[in-house]
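# Survey of secondary and tertiary structure
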Amino acid sequence: MKTVIDPSRREIVETLEQLDTQLLWLSSWMIHNANHVREKRDGLKVGGHQASCASMTAIMAALYFHALGPNDKVAVKPHAGPVLHAIHYLLGNQSLDRMQRFRGLGGVQSYPSRTKDAIPVDFSTGSVGLGVAVTAFSSLVQDYLIAHGRMKADDAGRMIALMGDAELDEGNIYECLIEGYKHDLRNCWWIVDYNRQSLDATTADRMFRRFDDIFETCGWRVVTLKYGKRQQAAFKKPGGKALEQWIDGCPNAEFAALTYQGGAAWRTRLMTDIGGKSHVQKLLESYDDDALAKLMTNLGGHCIESLIEAFDGAQDDTPTLFIAYTVKGHGLPLAGHKDNHSGMMNPAQMEGFRKGLGIAEGQEWEKWGGLGDNLAARLQALVDNSPIARKPGEGQAGTVPVPARFPVPEGMEQSTQAAFGRVLLDLAKSGEPLADRIVTTAPDVTQTTNLGAFVNQRGLFRRQELADVFQKARIPSAQKWAQHAAGQHIELGIAEHNFFLMLTSLGLAAPHFGTRLLPVGTVYDPFIARGLDALNYGCYQDSRFLLVGTPSGVTLAAEGGAHQSINTPLIGMGQPNLTTFEPAFADEVALMMRWAFDHMQQPGGSSVYLRLTTRQIAQVARAGNEWEEDALKGGYWLRRPAAGADAAIAFCGAVAPEALAAWEELADDLPGLGLLNVTSPDLLHRGWSARRAARWNGSAATPCHAETLLSALAPGAGLVTVLDGSPGALSWLGGVKGMRVSPLGTDRFGQTGDLPDLYCTYRLDAEAIADAAAELFLDN
Ligand SMILES: Cc1ncc(C[n+]2csc(CCOP(=O)(O)OP(=O)(O)O)c2C)c(N)n1
Ligand SMILES: [Mg+2]
């Protein structure tokens, strides 16, 4: 174990203890200011979590100002966000103005946010559990970069999650533990603020010790910090053993209630339970009520000395779970109360707290309020000299060149999924630098989503080489999956949360580690829903990846209703920081993939989602490339309408043959009928919304693409919209120019069946399209 020598350990501990107090004050005050001091205009509660912050200030003081190295990255428990901002306030990275605007527009965000907060935030948090698991995946990304020679092993940092104990109830934690074990996870710390309280209640005693078993089984070291040094010293005194045993046997809820009640209550209870045991009465009498309350709540997670000892003792790369016992609301009048999650100190309590710290009125925002000059200077020196103060800012990773065009896969009949696989394979075989930065991943659907050919070419990533047993034994197989350090595919088990968190971490490689990776992940389209919160989480942090949902919709006819995605087009439209395309033809796939690899690298870019299918359809002949520009804006006329035409069919994706057949069938009756291929309902809709908003926000009021396209039709024309998915993704098109719409699509759970049967059942076939068009022109 590394020992701290100079300056003396005691001095470091005392300075950190004082820092702990400053963090407790500043975080409490920031929340108080927002709720009780700042002008309130809407009568709504502002909120903030003083008790959740108080639970963690010692842990964060010890971590940030003692243990953290410049390459370490931390995901902070969402409700301890104010403590993180207080730390950066002390470091000089956070402004007073933003602190004062906590939870206000442009101020400190409620929960740490990479994109919205002005301080360096390594990982956004908010949805509990995700911020924890993402650290494990980022550690795998770090290993990937080291193995690929894109990062020095010596520069490896630790990926750390500061987590609430209730986060241990989130299933994604255990999915991640299993995946982490398979991939030999290292350099990862999870530090549990074990206050045994969640939002609603105190947590179950029965889980005590089970967490150790679970984590140890998955290869983690578990370090438990149960008692602080003061308690440990008391246990050694006569009568101390009985006290220790009493604490060990005390149920969580009772411990919390006594904490809230304070010293006198502790004394009464302890005297009742163990006062008769030898030396106990004398031991208890040696503490006044205040000191007794302090002793009883001197748990490991509030004891700086125990914390730095524990951190110093875990300097190898073994993944480590620290279970730091704490009291929610420690040091505040809220301590231990079961309702304290959203509880807040009232103004009188806050004033008492301020006075107790010797902070003068009006000096509440002073960095070192209430401290003498010497102590303030000592604290400032510790802060200035801490490794975190030297943490380099996130750099700009260079852009990876994207070839001007991707070759279009050949074939008269093709599916978009197969075309996707082919484009990736061609890239894998090319000498393009882009190909070396692509990392693919899938939750056990690599082969069935056409990633297999890329993997055969580029190999599976594994820190330790593993031969392909089947290949060695000369057993024929289409999959040649040698596993080695240079591999570019990260194979995951079936757990879609893990998949999206992996994509999130890979897509943050540029800001995190200075090397841009271009992650490509495939998942069966319906199972996007399984990891939807993790997808949202990745997008919220502006991570950049290419998500491929395939196969989708009724093209999974044989697999039945549970596999036929319906609402994913709406997810694609509704998800910020994700641009969605649904191509119909192979040349569109090549075009959109090229665009995606470029867009993912642009400062104002985003992640991209392609909704694909295994349905092979006849490809269309192209007269030139003019369609491409429009296709990348969200749609193009596959059959241009005659000027002032009265009707058009607008389709998306796999139903192209039906739309074409209907167009041919109707062309005689509806002269000049148009056929619009909507490649991205998402882009069209965004453009339309922006166009409407331009009037108010002062941006250029140029027509949007949907408007330009539909202007080719007569005013009041009729539109039939059709897609293999929720009809709502296209039916809105009627609103752009005030047209009548007949929306076709799927809005019921699917059936098993072949395509002709199901297209007929769900009214996606040419006949349904023709009928819908006819209906538009009947007198109602
Ligand atoms: C996925 C998700 N579900 C619910 C919530 C609402 N929520 C916020 S904090 C919390 C409980 C927190 O308890 P714990 O993790 O123990 O943190 P503590 O405040 O006790 O430190 C809940 C349910 C959330 N933020 N995310
Ligand atoms: Mg808790």
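Turning our eyes to something else, we now look at the sheet that holds strand 17 (residues 645-652). If you trace the five strands from one edge of the open sheet to the other, you get 16-18-17-19-20, paired in mixed fashion. The open sheet has two free edges, formed respectively by strand 16 (635-639) and strand 20 (740-744), since each of these has just one partner strand. Sheet twist, expressed as the average angle between the axes of neighbouring strands with direction ignored, equals 25 degrees. Where strand 19 (residues 713-723) and strand 20 come together, five bridges link them in parallel fashion. For Gly718, the partnering residue across the bridge sits in strand 20 and is Arg740.

The environment of ligand 1 is made up of 18 residues, and the closest members are Ser52, Lys77, Asp165, Gln197 and Lys328. Contact distances for ligand 1 include 3.1 Å between a nitrogen atom and a backbone N or O atom of Val128. Here an oxygen atom of ligand 1 sits 2.8 Å away from a polar atom, N or O, in the main chain of Gln197. For ligand 1, whose accessible area on its own is 580 Å², the fraction buried by protein is 76%. Taken together, the residues of the shell around ligand 1 sort by class into three nonpolar, nine polar and six charged.

Turning our attention to the coordination of the magnesium ion (ligand 2). The protein atoms donating to the magnesium ion (ligand 2) are Asp165 (OD), Asn195 (OD1) and Gln197 (O), with metal-donor distances spanning 2.0 to 2.2 Å. Site description for the magnesium ion (ligand 2): donor spacing in sequence, D-x29-N-x1-Q. Exposure remark for Asn195: the relative accessible area of 7% places this residue in the buried category. Relative accessible area serves as the criterion here: at 3%, Gln197 is assigned to the buried category.

Quick look at the pairing of strand 17 now. Regular strands place their side chains on alternate faces of the sheet. In terms of burial, strand 17 is largely enclosed, as seven of its eight residues are buried. Inspection of the sheet shows strand 17 paired to strand 19 by seven bridges, in the parallel sense. In the strand pairing of strand 19, Ile649 is matched with Val720. Sheet topology note: the strand 17/strand 18 (residues 674-678) ladder contains four bridges and is parallel. The residue of strand 18 that forms the bridge with Ile649 is Leu675. Of the crossover connections in this fold, the one passing from strand 17 over helix 28 (residues 656-666) to the parallel strand 18 is right-handed.

Definitions and limits used
- Every chain begins its residue count from 1, and numbering advances along the sequence as written.
- Each chain takes a letter, starting from A, and each ligand takes a number, starting from 1, following the order in which they are written.
- A pLDDT threshold of at least 70 governs which residues receive local features in this predicted model, and a stricter bar of 80 or more applies before side-chain atom pairs are shown or counted, although totals over entire chains, interfaces and linings include all residues.
- Processing note: side-chain calculations cover all non-hydrogen atoms of the structure and skip hydrogens and water entirely.
- Strands are treated as partners if at least two bridges between them are detected by DSSP.
- For the purposes of this entry, the term helix denotes a DSSP run of H or I that reaches at least four residues, the term strand denotes a run of E that reaches at least two, and both are numbered from the N terminus.
- Note on method: axes are straight lines fitted to C-alpha atoms, helices fitted across the in-contact stretch only, with angles between N-to-C directions ranging 0 to 180 degrees.
- Nearness of a residue to a molecule or strand requires only that one of the residue's heavy atoms be within 4 Å of it.
- Polar contacts, as counted here, are pairs of nitrogen or oxygen atoms within 3.5 Å of one another; within protein the pair requires one atom able to donate a hydrogen and one able to accept it, and residues that are adjacent in sequence qualify only if both atoms are side-chain atoms.
- Residue burial considers only the protein chains on display, and all accessible areas are found by Shrake-Rupley using a 1.4 Å probe.
- Ten residue types, Ala, Val, Leu, Ile, Met, Phe, Trp, Tyr, Cys and Pro, are classed as nonpolar, four, Asp, Glu, Lys and Arg, as charged, and the remainder, Gly among them, as polar.
- Atoms of type N, O and S within 2.8 Å of a metal are treated as its donors, and for Na, K and Ca the window is 3.2 Å; water is not considered, so some sites may appear to be missing partners.
- For each residue, the accessible area found with a 1.4 Å probe, counting protein chains only, is set against the maximum for its type, and the residue is called buried under 20%, exposed over 50%, and partly exposed in between.
- Orient the strands so they point away from the viewer, and a crossover whose first-strand-to-second-strand path over the helix runs clockwise is right-handed.

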